[in-house]
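Below, each chain spelled out in residue letters.
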Amino acid sequence: MPRSPAPPPAPLVMAESGCRAGQSPEPMLQTCPYLSSIRPGTDPRLVYLTDTSGPEAPTGPLPPPAAVFGIVGLDRTIVWQDDAEVLDLLRYAASRPRATGELAARFGADRLVAATGRGWLQDPARLCREYRVVSGEIEVTAHCNWGCLSCPVATDPKPRRTMPMPLVEEIIVKLAAASAQYVTFQFFNEPTLDRNFVRRLEILAASGMPLALYSNASALTADKIAALQRMGVLKHLIVNIPSAEETEFNLLTGSRHFRHTRATRKRPWRPACRCRSSSTGSARALSGTWRAWNGTSRRWVPRCIRA
């Protein structure tokens, strides 16, 4: 006896999104996780802290009289709003995806369209896919000629290696395409030891990419300084001067470059760049470094260094 065909499967019911059986699921929206809200005159300041450029605050106009809150996204720009229900909408859709029909019914279609147009409400599949590239750290050399007490190089030095030029160029081009604001050439290394230092600067100049140079200045020769000034890529220079006393400087850095570093710092950098000094050390070492730093500040800060 022939077997009867199996019955077709029952249509899936999209209960969570409020869809009728057999229809396409209703679009869902969720609040972008990169948003911050601030209130004019009441909220504490929103500050972005980095280890390379110092504290920064959001930009934007002063709040108009009718503003009740502001939204800050990845671009760090304040967008003031005079409708408190927009903030209620964003908070309601923050914890999980919500159906567009539900949001429109609860908060109004106009608010939904405006928030979606600004990217404040997004398809849940897009969440966390946006990014903001501020800077890129490129380890052009893998070694350092100092052994600072606070640095792992002091106990586990790296081999002498240099990044190939094509790889550096590829990284810089990609960072420029991602709208990075600047690059550095250091990561537990001394960038001025790079034999291709001047050629790296040429790539930066061709890409319009500024360089934040962190250095112990031991290999910052007159030719390299002239190249930095000529190519105009230097965003700022930070020189590691942990002590104004030579004996203590040698102890903290494991080097004998005090006089050379001091002489480099005294060069006429302005108006080529902003120049700052830094002091690093472990908790134990810093107990003496703070005293040394006071002497360093007295000696160099009046000359234009920001401590």
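Scope of this entry: the structure provided in the associated data block.

Cut-offs used in this document
Residues numbered from 1 in each chain as written. Predicted model: local features only at pLDDT ≥ 70, side-chain atom pairs only at ≥ 80, totals over all residues. Heavy atoms only, no water. Pairing = 2+ DSSP bridges. Helix = DSSP H or I, 4+ residues; strand = E, 2+ residues; numbered from the N terminus. Axes fitted to C-alpha atoms, helices over the stretch in contact; angles between N-to-C directions. Parallel < 35°, antiparallel > 145°, perpendicular 65-115°, else oblique. Left-handed = near helix turned anticlockwise from the far one by under 90°. Contact = heavy atoms within 4.5 Å. Nonpolar A, V, L, I, M, F, W, Y, C, P; charged D, E, K, R; others polar. Core = buried A, V, L, I, M, F, W, Y, C linked by side-chain atoms within 4.5 Å. Buried < 20%, exposed > 50% of the residue type's maximum accessible area, 1.4 Å probe, protein only. Salt bridge = Lys/Arg side-chain N within 4 Å of Asp/Glu carboxyl O.

## Considerations on the sheet that holds strand 6 (residues 121-122)
Right, on to step 1. Pairing is antiparallel across the open sheet formed by three strands, whose spatial order is 5-1-6. Single-partner strands in this sheet number two, and they are strand 5 (98-99) and strand 6.
Right, on to step 2. Here strand 1 (residues 28-31) pairs with strand 6 via two bridges, running antiparallel. Following the sheet pairing, Gln 30 is matched in strand 6 by Gln 122.

## Section: the packing of helix 1 (residues 84-92) against helix 2 (residues 100-107)
Right, on to step 1. Between helix 1 and helix 2, the shortest axis-to-axis distance is 11 Å and the interhelical angle comes to 150°. On the basis of the axis angle, helix 1 is roughly antiparallel to helix 2. As for the relative orientation of helix 1 and helix 2, their crossing is right-handed in sense. Taking contact as the criterion, the partners of Glu 85, Asp 88, Leu 89 and Tyr 92 in helix 1 are, on helix 2, Glu 102, Leu 103, Arg 106 and Phe 107.
Right, on to step 2. Looking at the contact of helix 1 with helix 2 residue by residue, the classes come out as four nonpolar, no polar and four charged.

## A short note on the nonpolar core
Right, on to step 1. Counting 28 residues, the largest nonpolar core has Leu 201 and Leu 204 as the members making the most contacts within it.
Right, on to step 2. Contributing elements (two or more residues each) for this core: helix 4 (165-177), helix 5 (197-207), strand 9 (211-215), helix 6 (222-231) and strand 10 (234-240).
Right, on to step 3. If near-sequence neighbours (up to four positions away) are discounted, Leu 204 is found in contact with Ile 172, Val 183, Phe 185, Met 209, Leu 211 and Val 233.
Right, on to step 4. Grouped together as the second largest cluster of nonpolar side chains are 15 residues, Phe 69, Val 86, Leu 87 and Trp 120 included.

## Re the pattern of salt bridges
Right, on to step 1. Across all of its chains, the model carries seven salt bridges by this definition.
Right, on to step 2. The closest approach of N and O atoms between Glu 56 and Arg 76, which form a salt bridge, is 3.0 Å. Of this pair, Glu 56 sits in the loop between strand 2 (36-38) and strand 3 (69-72) while Arg 76 sits in the loop between strand 3 and strand 4 (78-81), placing them 20 residues apart in sequence.
Right, on to step 3. The residue Glu 139 makes a salt bridge to Lys 158 at a minimum N-O spacing of 2.7 Å. Of the two residues, Glu 139 is situated in the loop between strand 7 (135-137) and helix 4 and Lys 158 in the loop between strand 7 and helix 4; the sequence distance between them amounts to 19 residues.
Right, on to step 4. According to the relative accessible area criterion, Lys 158 is partly exposed, its value standing at 33%.
Right, on to step 5. When salt bridges with common partners are traced through the structure, they connect Asp 83, Glu 85 and Arg 111 into a single cluster.

## Regarding the sheet that holds strand 2
Right, on to step 1. Overall, antiparallel pairing links the three strands, which are arranged 2-3-4 in an open sheet. The open sheet has two edge strands, strand 2 and strand 4, and neither has a second partner. Put simply, the sheet's adjacent strands are angled 30° from each other on average, direction ignored.

## Here's the deal with the packing of helix 1 against helix 3 (residues 109-117)
Helices that pack against each other are described as a pair by the angle of their axes relative to one another and the distance between those axes.
Right, on to step 1. In contact at an axis separation of 10 Å, helix 1 and helix 3 are set at 70° when each is read in the N-to-C sense. When the axis of helix 1 is compared with that of helix 3, the two are roughly perpendicular. Taken as a pair, helix 1 and helix 3 cross one another with a handedness that is right-handed. Contact residues: helix 1 offers Glu 85, Val 86, Leu 89 and Leu 90, while helix 3 offers Arg 111, Leu 112 and Ala 115.
Right, on to step 2. For the contact of helix 1 with helix 3, the per-class residue count stands at five nonpolar, no polar and two charged.

## What to know about the pairing of strand 4
Right, on to step 1. Sheet topology places strand 3 next to strand 4; four bridges connect them, and they run antiparallel. Along strand 4, the bridge assignment pairs Gly 70 with Trp 80.
Right, on to step 2. Linking strand 3 to strand 4, which pair antiparallel, is a turn of five residues; within it Arg 76 sits at a positive phi near 60°.

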